[in-house]
Every structure is written in structure tokens, then in C-alpha cells.
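What follows is the residue order along each chain.
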Amino acid sequence: MRLVLRRHWAPLLFMWLAHAATGAANALPGGCLLVLASRVGASLRVMGLWFTVKSAAACLLAIVTGFAIPSLPKSRQRLGFLVAANLICAAALLALPMARSLWTSLTLSGVLGAGQSALETADGILVIVLFGSQHSRPVLQSLHLAVALGALSAPALLHQFRNWQPPAAESPPFPVDNIAVSEDTANSTLDSLRLSLCQAPSSDPEAVFNSTVDSLMNYTQSSTASSVSSRSQPTLHLPIFAPFAVVHAAQALAAVGFLALLACRHRLVPPATIKTKLAVVEVEVLLPASVASKPGSLPLWRRRLLVALTVAFYFCFVGVENVFWSFINAYGVCSRLRLTSLNAAFFGGFLAGRCLGVALARCVRPTTLLLADLAACQISLATLCLLAGDFSLDAGAPAWLTSASTAAFGLAVASIYAGGISWLEERLDVTGPLACSWTIGSQLGVSVLPALAGHLLISPSVGPAGVLYLALGGFTAATVCFTGMLTVAQL
């Protein structure tokens, strides 16, 4: 492990940086979706295509990368692939906030999803090849810790540049949304938006919600046009180019780092240890990827069934995880508890879980870790569903129990993604086309389950609790899938 770190600390550092930029890039659009929609003149329903196109492109590039990386045996070819993927992501991030048409925005979202998927799949393969089966576990957990840190930095970036104002005598150096609204008007508009989301009438709740959002966006567009034409000093600024530019700089820096390694002829090959009778001598041996990784010994039909169950497993649990990313705060506001701190509780537990996963991956087997995580998630979600009902507990109990259960779910779900990769790597050769299995399942889950949760949130027959019921059902299905994976692997 130490020998590998001494040789490959530089590419690992740039992988961490690229994953942190990926996490921030995934979280930024959600924080400024209304502004992105107003730029291209689209409704939120149409902007849902943004995430669909991004996920579809990610699935396609995951398959391509799974076949491409094994066919690139030379280090300079692999480094060149990482440089290209980082540059594609950086270019898309820089151009995305400047898009003025829906088709341009959709195209850029597809390019961004393709670049991120290529990076994630390639980095996972290379980490397993370089560090081996056992030592790659904490490294994979640390890469996903970097994603979590990047995602947590996105709200801070948006807040940091929210009140930025260009000098009066100079034109803005980049496109800025100037929205001149009074504080009372903004608050009343947002209050009506929240009411339409949480208390939609039973006749057509979605129509009321969409009309309120459209009115808010139309107001935003008219305010932007009037402020730009009059060149008056606005009281509220929402520049989104600056946060995207910061993430672009991080992604570009990762590309420059890999380019420097390419120029220095760094070799992405795993070292080996040779034992002699006199002493243990550490010698670097250039091993091809086929020798560094072990092929699966299962029959063909069991390998195919195991891959299919892996796709279904990642579909269920990553979809539920993203439901919490997107809707746990809306559930807290719209539920009878009127909680506004569930988002902080979830992300606090999620970050702690990613940190804990790095430490546990070195001493706990993937099967044990996954079973413990799944059990903890099931208990947390079951508790949240019980608290969402009409049970009469004492006044303070539902609030703190809901926050604690949300944090516990974030803590448990954080280490499942990398743990699932390590579990599959013990049984199959995931340094080839099979590396796209978890990415495909994840992207499909992100496309389907959060959209379904949004419909349940405003459903008059189910209400906000439907988000939690969906999450519990999704994780029950994920537990069933993992049980099937264990059964197939042990037949």
C-alpha cells in the first residue's frame, strides 16, 4: 500500500480533485434551477429533461469507457483519456450558465454527464488495477468522500456570489442575472410557491404548482429585462456564472495535472513485492491490467444474473439517496412538523458516513459493511415513516426523532456505493466492461425515483409522507436485490 501511494500519489490527488469538482457540478444546478430555466425560457417540467439527457449520456459513456479502458494498456493512453474527460467536463461547466436556448442547455447537460461518467468509470477501474482488491477499498471510499465534500461546497459557492455586484462604471465581465425585486415581493412570491407545493388543492395540484412556478419565472425574466435596460442598481443579484467558473477551474486544474503527468511520462502500473530468502525487497514490476486484476470464476449465467442484480441494486439505493438529496428539505417544510433542518441533518450524517467509510473499509469486509448499512437504512426509514403518520407523541419527540433518523440514514447510506463496488470486485473482474454496471443502475435510478417523489410530494391522496414511503419501498427492493446477489455468488 505504501509503495503504491509513494509512486501514484500524484494521479490519486488529481482524481480526488476531479471527483470533488464532479460533486459540486452535480449539486450546483439544483440550487439555481429556476435561474437556469429562466435563461432558456422553459418551465420546470421541461427542465426535467435536463437531468434525463444528462443521465442518458452518462449511461452511454459508462458503457464506452468500460470497453475503452482495458483496450488502452499504455499509461500515456490512459492519462490522455483522463485529460480529455476532465477537459470535456470543464468546457461544459463554463458554457452551461451562458446557454440561452433550451437545446443548447440540454446538449451541454449531456456533454457534462458523459464526461463525468467517463471519469467515474475510468477512475474506479484504475484504482482497482493500481491498488489491488483489498487496498483499493479505502481509496474508493475516499474518492466518494471527495464527491460529498464537493457537493457540500456548492451551496456555499452560490451563497458567496449571491450579493456580488459589478462596478457601476464597468459592464459585467460575464453574464449576470440582475433581478430587482423588493424583499416583501420576493418573500410573498416564494411563500405562494411553497403553499402551492405543500397545500395543492385536490382538483389539480400539479397545475397550481406549475402555474405558480411559471409566474415566478415570468416575474424573474421581466425583472431581469427591466434591470438590464434601465441599468439601475438591483437589490438582489443571482449571478450563476461565478460558481460554475470556480468548479470549472477545479476541473481544469485536474486536467492540467494529468497533462503534466503525461508530459513527465508517469506510468500507471501497479508495483509488486518480491520476497527472497534473505530479505523482502520492494521492486516495481510493470504488470499489465490483465495480470493485476483477477477474472471472475463464476459460470456465465451466474455472472450475467449477478450483473443484472447489481444494476437493480444501484438503481434502487442511489435513486432513494437522490430522493433525500432533492426532497428531504421539501418534506420537512411541507409535513406537519414544519422542519427546516432536515437537509442539514442528512448532509451532516452523509459526510460523517463517507469519512467513516474510509476507515472501516480497511478492517471490515464489504459484505459485513453492506449488510450493516442496509439494516441501518431500513430501521431509519421505517422510523421516519412511523413519525410521518398521525401518531400522537409528545410535542418535541417527533421533531428530534425525525432529525436523528434522517442523520442516521445519511450516515448509513454514504458508504454503500463504494462498498458495493468492492463487493463486486471480489467476485468478478470489474476492470473491463462490467465497470459500467453500477453507473448505469445509478443514473437510471436518479432519472426515475426523484421524479416519482416529486409527484408524490404534491399528491393530495398521499401527501408529503409519500416521499418517505417511496424511500422505504426502494430500500426494501435494494435489500432484496443484495440478498439475491449474495445467493447467486454463493451457489
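As recorded in an unreviewed UniProt entry, the protein goes by MFS domain-containing protein and comes from Macrostomum lignano.

Asks: Break down the overall build of the protein for me, citing the residues and quoting the values.
Replies: Check the secondary structure of the protein and you find 16 helices and 2 strands. Burial analysis of the protein (491 residues in total) assigns 52% to the buried set. Put simply, the protein shows about 21200 Å² of open surface, and 66% of that area lies on carbon and sulfur atoms.

Asks: I'd like to hear about a nonpolar patch on the surface, residue by residue, with values.
Replies: A grouping of Trp-9, Leu-13 and Trp-16 is seen on the molecular surface, where their side chains present a nonpolar patch of about 330 Å² in accessible area. Assignment of secondary structure puts Trp-16 in helix α1 (residues 2-31). For Trp-16, a relative accessible area of 32% puts it in the partly exposed group.

Asks: Any chance you could break down the packing of aromatic side chains for me, citing the residues and the numbers?
Replies: For the coordinates displayed, the defined rule picks out 14 aromatic pairs. Aromatic side chains Phe-324 and Phe-346 sit 5.5 Å apart centroid to centroid with 40° between the ring planes, which places their arrangement in the tilted category. Taken together, the residues span a long stretch of sequence, with Phe-324 in helix α10 (residues 300-334) and Phe-346 in helix α11 (residues 342-360) at a distance of 22 residues. With a centroid separation of 5.8 Å and 35° between ring planes, the pair formed by Phe-346 and Phe-350 is classed as tilted. Linking Phe-346 with Phe-350, this pair stays in helix α11, spanning 4 residues, or about one helical turn. Chaining the aromatic ring pairs together yields one cluster made of Phe-313, Tyr-314, Phe-317, Tyr-417, Trp-423 and Phe-482.

Asks: Give me the packing of helix α14 (residues 416-425) against helix α15 (residues 437-457): which residues, what numbers.
Replies: In the contact formed by α14 and α15, the axes pass within 11 Å of each other and the chain directions differ by 145°. Between α14 and α15 lies a crossing of right-handed hand. Along the contact surface, α14 presents Tyr-417, Ile-421 and Leu-424, while α15 presents Ser-437, Trp-438, Thr-439 and Ser-442. Tallied by class, residues from the contact of α14 with α15 come to 4 nonpolar, 3 polar and no charged.

Asks: Talk me through unusual backbone geometry; I want residue IDs and the actual numbers.
Replies: Located in the positive-phi region is Arg-265, a residue other than glycine, with phi close to 60°. If you trace the backbone, Arg-265 turns up in the loop between α8 (241-263) and β1 (272-275). With relative accessibility at 72%, the residue Arg-265 sits in the exposed group.

Asks: Lay out the pattern of salt bridges with the relevant residues and their values.
Replies: Close approach of charged atoms lets side chains of opposite charge pair. Applying the stated criterion across every chain, the model contains 3 salt bridges. Arg-137 is the partner of Glu-426 in a salt bridge, and the nearest nitrogen-oxygen pair spans 2.3 Å. With Glu-426 in the loop between α14 and α15 and Arg-137 in helix α5 (residues 102-160), the pair connects residues that are 289 residues apart, well separated along the chain. Each member of the pair, Glu-426 as well as Arg-137, carries the same accessibility label: buried. A salt bridge links Glu-426 to Arg-365; the shortest N-O distance between them is 3.4 Å. Note that Glu-426 is positioned in the loop between α14 and α15 and Arg-365 in the loop between α11 and α12 (366-388), a separation of 61 residues in sequence.

Scoring rules and cut-offs
- Residues numbered from 1 in each chain as written.
- Predicted model: local features only at pLDDT ≥ 70, side-chain atom pairs only at ≥ 80, totals over all residues.
- Heavy atoms only, no water.
- Helix = DSSP H or I, 4+ residues; strand = E, 2+ residues; numbered from the N terminus.
- Buried < 20%, exposed > 50% of the residue type's maximum accessible area, 1.4 Å probe, protein only.
- Areas by Shrake-Rupley, 256 points an atom, 1.4 Å probe, with all protein chains shown as cover.
- Patch = residues over 30% accessible without salt bridge, like charges linked within 9 Å, V, L, I, M, F, W, Y side chains within 5 Å.
- Salt bridge = Lys/Arg side-chain N within 4 Å of Asp/Glu carboxyl O.
- Phe/Tyr/Trp six-rings, centres within 6.5 Å; stacked < 30°, edge-to-face > 60°.
- Axes fitted to C-alpha atoms, helices over the stretch in contact; angles between N-to-C directions.
- Left-handed = near helix turned anticlockwise from the far one by under 90°.
- Contact = heavy atoms within 4.5 Å.
- Nonpolar A, V, L, I, M, F, W, Y, C, P; charged D, E, K, R; others polar.

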